[in-house]
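Tertiary structure, described
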Amino acid sequence: MACTLENREEMLIDYVDGSLPADRLAQMMSHMKGCAECRVAADAQLRVWTALEEWTPAPVSADFNRTLYQKIDVEQSKGWWQRLAWPPLGLAAACMVLVVAMLFRVPGGPVNEPEKKADVTIDVNQVDRTLEDIEMFKQLGVGNDVNEAEGVL
Amino acid sequence: MAQHSIATGVRVDVAAVALEQDAELMVRVREGDTQSFTLLLNRHRTPVVHFLTRMVRVQPVAEELAQEVFLRVYKSRASYEPSAKFTTWLFRIATHLALNHIRDSKNERGQESLDQEVGEGMLRQVSDGHLSVEQDMVRRERLREVRDVIQALPDKQRAAVLMHKYEEMDYAQIAKVLECSESAVKSLLFRAYEALRARLAHMS
């Protein structure tokens, strides 16, 4: 016959950990007299409970408090600006910078255009100067000296 | 049965008194009393470290996480409200840090090295007793098995079982720590204990 106990799983767990109120404990005990399935399950739950009790971690290190107080001291010695370097705040600050940057960035706007042109002019001038320098070095024979020096090394 | 009820009643009263004391101490910490922080630390240090050790399995890592828990408590003392249970708050921070650590380190660490570190940690405690070599080996094997089956549980189920079994928290408090409903906690615990029963069935 299938078990008809209401809230069976909760009853089982609470029965084994000793937290069933008196009335429900009586109900559970009376039910188990006639229910082999629940007796087996309660026995298995008791085995789990006992097995878990065997796992006791090692004692806490003796210098736990000292290390913690050192961390607190470090925290307290920080300036307010360093305390603001909390990761979520950093992320928020980065987002704000991004938003501000996007607000000021007008596509094809008049502010950026002359700068771009100036950049292009500088680049062309630089190329011109470089070509002139190469020509001059060739005429002076500097390139040969460099080759000679590399040969020595 | 009467004994059972009386024992449960006493446990509840003791827990209620401890909760009131925690809240009172934390209010004093908020007002700048560092002695009260030390009292809170000494009272809750071991349960927090043990909970984290069972969660992450490596004691030095657990201690580092526990220090972060208490550091956060200290840093947020100004915003503490006595309406919130201190231990709920404490274990919420601990669980949050543990779950983040597990998530971050899942792909970084090999299971082999993890087992080695845990094994070294356990060695200290089991060799304290007066057990024969054979009994010692059996006990170690059982401990290893218990740790492995708990470790095999999904992270939230594991956290729920550890709080229920070792911290003696009820469904409502675990729900507050895990920030979910009481029925969700029951579901987590039922599935976890069902799995544990199946895996530890052979243990007598």
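Residues numbered from 1 in each chain as written. Chains lettered and ligands numbered in written order. Predicted model: local features only at pLDDT ≥ 70, side-chain atom pairs only at ≥ 80, totals over all residues. Heavy atoms only, no water.

1. What to know about the pattern of salt bridges
Condition: Each salt bridge in this description consists of a side-chain nitrogen of Lys or Arg and a carboxyl oxygen of Asp or Glu lying within 4 Å of one another.
The final tally for this structure, using the stated rule, is 17 salt bridges over all chains. Via salt bridges that share partners, R57, E141, R144 and D148 of chain B belong to a single interconnected network.

2. Brief notes about the nonpolar core
Among soluble globular proteins, nonpolar side chains are generally buried collectively. Note the threshold: We define the nonpolar core as a collection of buried residues of types Ala, Val, Leu, Ile, Met, Phe, Trp, Tyr and Cys that are connected through side-chain atoms lying within 4.5 Å of one another. Burial classes follow relative accessibility: with a 1.4 Å probe on protein chains only, a residue under 20% of its type's maximum area counts as buried, one over 50% as exposed, and anything between as partly exposed. Note on definitions: a residue-residue contact is assigned when non-hydrogen atoms from the two residues lie within 4.5 Å.
Ranked by internal contacts, the top residues of the largest apolar core, which has 69 residues, are L52 of chain A together with L52, Y193 and L196 of chain B. Excluding anything up to four places from it in sequence, L52 of chain B contacts R57, A62, L65, A66, V69, A94 and A98 of chain B. One finds L12, M32, C38 and A41 of chain A within the second-largest nonpolar core, a separate group that totals eleven residues.

3. Quick word on the confidence of the model for chain B
All names here are of chain B. Rule in force here: A score between 0 and 100, pLDDT records how confident the predictor is in each residue.
Summary statistics for chain B give a mean pLDDT of 83 and a share of 78% for residues scoring 70 or more. Below pLDDT 50 for its whole length, residues 1-11 participates in twelve contacts with residues either more than four positions away or in separate chains. Contacts for the low-pLDDT stretch residues 111-127, under 50 throughout, to residues beyond four places or in other chains number 24 contacts. Under the prediction, the complex receives an ipTM of 0.77, its pTM being 0.71.

4. What to know about the interface of chain A and chain B
Quick note on the threshold: Accessible surface is computed with a 1.4 Å probe, and the buried area is the amount of it that two parts give up when combined, taken over both parts together. Nitrogen and oxygen atoms within 3.5 Å of one another constitute a polar contact, given that in protein one can donate a hydrogen and the other can accept it, and given that sequence-neighbouring residues count only through two side-chain atoms. Put simply, DSSP H or I for four residues or longer makes a helix, DSSP E for two residues or longer makes a strand, and each gets a number counted from the N terminus.
With 38 residues of chain A at the contact, the number on the chain B side is 50 residues. Taking both sides of the interface into account, the surface hidden between chain A and chain B amounts to around 4,100 Å²; carbon and sulfur atoms contribute 62%. Linking chain A with chain B are five salt bridges. One salt bridge connects E53 of chain A with K165 of chain B, and the closest N-O pair in it is separated by 2.8 Å. Remark: the boundary between chain A and chain B carries 20 residue pairs in polar contact (both at pLDDT 80 or more). Where the side of chain A that touches chain B is concerned, the elements lending two or more residues are helix 1 (8-17), helix 2 (22-34), helix 3 (36-53) and helix 4 (64-77) of chain A.

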